Amino acid sequence: MSSVTMKGIYKKYAGGVTAVSDFNLDVEDKEFIILVGPSGCGKSTTLRMIAGLEEITAGELYIDGKLVNDVPPKERDIAMVFQNYALYPHMTVFENMSFGLKIRKMPKDEIKRRVDEAAQILEIEHLLDRKPAALSGGQRQRVALGRAIVRNPKVFLLDEPLSNLDAKLRTAMRSELAKLHKKLATTFIYVTHDQTEAMTMGTRIVVMKDGFIQQIAAPQYLYENPANLFVATFIGTPQMNTCEGELIDEGGVTYLRFGENAKVALPDNKGRKPEVLAYAGKKVIFGIRPNHIYADEAFMNAHPDSIVDVKVEMTELLGADTNLYLSEGDIQFTAVVPTGSTNCKMDDDIKVCFDASKIHLFDYETEKTITN
């Protein structure tokens, strides 16, 4: 078993700064949990508290059901992979990977067996005699992972391990880490500020802001059912379009009115919900993802009550898709449409259609969802 449980965890620094507040999380055996959020949200501090590198101010931390608040890092049976690799430059790859085992006085044949096994998993057998200076960034990252693997820890903690790699290598390493997690069949807790990493690797994602957990959910659920405006705009690329609007109850239909003249009919299974109707006549914040705005006639003909007149500010061809940067009065929108679905160009006045079933509504004051 490799479970981690955090109950009411706080981290407060001298001077009154609270980095983490009331953090509650149950990490199950063999899960791949991602802590994601902007810089300064407390995610790395949380990881360091699990590792024992930061003292917990309040709350309880359990690993496999054992309270470990006062247990030294070396006795927690965890391994941590850092952003900067932290390899010894004067040692070979083999020596770097085996160093922790030698400190523990492990027999030489067992050390060799573990290093060879880890090197095979990571496909770095041919690098064992090289020193870090002769390795690429991706190879150094694999060595850092190997050093953690040889310890056979209960829990792997990874603190932004891919942030120093270029974009192409980062994409490849995401896939490699997901495969590695499956091969090792142990628990991973991974910190990143990159929501793409979070969405592609995690079994569950913990979204953090200002030291607080905003939402914990599986990637697709998080994308489709954000708990609040922050989660909605943080998860998804390009970012969700958001702006102020007003809900109107008119003739048995709920409309969303916004901008200068825009008015979109919400489907009954969304707009006629009691919790949505309670906002009739009130200001709300609404959001719609760029790929839920359409520019083709077929979709507009099928949804005549969701058409909006816009001006094209700019177009951006991205191969199979084209980004349309649109405006309705002072409101700016981005739409992602299949290339060729529209022939519009800059400064054109066109019509687009919102998929009203995909519109998200948020309370204007609290920014919490009112549609999920």
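See the structure shown above.
Residues numbered from 1 in each chain as written. Predicted model: local features only at pLDDT ≥ 70, side-chain atom pairs only at ≥ 80, totals over all residues. Heavy atoms only, no water.

1. With respect to the overall build of the chain
Along the chain, the regular secondary structure elements total 11 helices and 20 strands. With respect to the principal axes defined by its C-alpha atoms, the chain has extents near 80 × 45 × 35 Å. For the chain, buried positions account for 48% of its 372 residues. In the chain, 66% of the contacts between residues at least 6 apart in sequence involve partners at least 24 apart. Carbon and sulfur atoms form 49% of the exposed surface of the chain, whose accessible area is close to 17700 Å². Averaging the locations of the 44 positively and 51 negatively charged side chains of the chain gives two centres separated by 9 Å. (Helix = DSSP H or I, 4+ residues; strand = E, 2+ residues; numbered from the N terminus. Buried < 20%, exposed > 50% of the residue type's maximum accessible area, 1.4 Å probe, protein only. Contact = heavy atoms within 4.5 Å. Areas by Shrake-Rupley, 256 points an atom, 1.4 Å probe, with all protein chains shown as cover. Lys, Arg positive; Asp, Glu negative; His and termini not counted. Charge placed at Lys NZ, Arg CZ, Asp CG, Glu CD.)

2. Description of the side chain of Thr 192
Residue position: Thr 192 is located in strand S8 (residues 187–192). Owing to a relative accessible area of 1%, Thr 192 belongs among the buried residues under this scheme. Of the polar contacts made by the side chain of Thr 192, one reaches the backbone nitrogen of Asp 194; its length is 2.9 Å. Apart from residues no more than four positions distant in its own chain, Thr 192 is found in contact with Ile 34, Leu 35, Val 36, Gly 37, Lys 43, Glu 160, Glu 197 and Ala 198. (Polar contact = N/O pair within 3.5 Å; in protein donor to acceptor, adjacent residues only side chain to side chain.)

3. Re the environment of Ala 278
Note that Ala 278 resides in the loop between helix H10 (274–277) and strand S14 (283–288). Considering only alpha carbons, one finds Ala 278 and Ile 370, 92 residues apart in sequence, at a separation of 9.8 Å.

4. Description of helix H3 (residues 108–122)
Taking 1.5 Å per residue, 15 residues should reach 21 Å; H3 reaches 21 Å between its end C-alpha atoms and fits that length. For H3, the set of buried residues is Ile 111, Arg 114, Val 115, Ala 118, Ala 119 and Leu 122. End-on, the buried residues of H3 take up no more than an arc of 130 degrees, which puts them together on one face. Turned more than 90 degrees off the buried face of H3, the exposed positions are Asp 109 and Gln 120. On its buried face, H3 sits against helix H2 (93–103), helix H4 (137–149) and helix H5 (167–184). (Expected span 1.5 Å × (residues − 1). Arc of directions from axis to C-beta.)

5. Considerations on the sheet that holds strand S19 (residues 349–354)
Strand order in this open sheet of 5 strands is S15-S19-S16-S17-S18, and the pairing throughout is antiparallel. Two strands lie at the open edges of the sheet, namely strand S15 (293–294) and strand S18 (331–338), each paired on one side alone. Two elements, strand S16 (residues 307–318) and S19, share 5 bridges in a ladder whose sense is antiparallel. What sits directly across from Lys 311, in S19, is Asp 349. (Pairing = 2+ DSSP bridges.)

6. Some words on the nonpolar core
One finds Ile 34, Met 97, Leu 145, Leu 158, Leu 177, Tyr 190 and Val 207 to be the most contacted residues of the largest nonpolar core, which totals 44 residues. Not counting residues up to four positions away in its chain, the partners in contact with Leu 158 are Leu 47, Val 81, Leu 145, Leu 177, Phe 188, Ile 189, Tyr 190 and Val 191. If you look at the next biggest cluster of nonpolar residues, it comprises 31 residues, including Val 308, Val 312, Leu 324 and Ile 331. (Core = buried A, V, L, I, M, F, W, Y, C linked by side-chain atoms within 4.5 Å.)

7. Examining the sheet that holds strand S6 (residues 78–81)
Pairing is mixed in the open sheet, where 6 strands are placed in the order S6-S7-S8-S3-S9-S10. Each edge of the sheet is formed by a strand with only one pairing partner; in this case those strands are S6 and strand S10 (212–217). Each strand of the sheet is rotated relative to its neighbour by a mean of 15 degrees, with strand direction disregarded. The pairing of strand S9 (residues 204–209) with S10 spans 5 bridges and is classified as antiparallel. Note that in S10 the partner of Lys 209 across the bridge is Phe 212. Running over the sheet, H5 touches strand S3 (32–36), strand S7 (155–159) and S8 and is turned about 160 degrees from S8. (Axes fitted to C-alpha atoms, helices over the stretch in contact; angles between N-to-C directions.)

8. Some thoughts on the pattern of salt bridges
With the rule as written, the count across this model stands at 16 salt bridges. For Lys 11, the salt bridge is made with Glu 54, and the minimal N-O distance between the two is 3.6 Å. Of this pair, Lys 11 sits in strand S1 (residues 4–12) while Glu 54 sits in the loop between helix H1 (43–51) and strand S4 (58–63), and the two are 43 residues apart along the sequence. With relative accessibility at 8%, the residue Lys 11 sits in the buried group. (Salt bridge = Lys/Arg side-chain N within 4 Å of Asp/Glu carboxyl O.)

9. Things to note about the pairing of strand S12 (residues 253–258)
Across 5 bridges, the pairing between strand S11 (residues 241–250) and S12 is antiparallel. The residue bridging Asp 249 from the neighbouring strand is Thr 254, located in S12. Hairpin connection from S11 to S12: 2 residues lie between these consecutive antiparallel strands, with Gly 251 at a positive phi of about 60 degrees. Looking at chain direction, S12 and strand S13 (residues 262–265) are connected through 4 bridges and run antiparallel. Residue Tyr 255 lies in a different strand from S13, and its bridge partner there is Ala 265.

Spatial relationships are all this shows, so hold off on functional conclusions.
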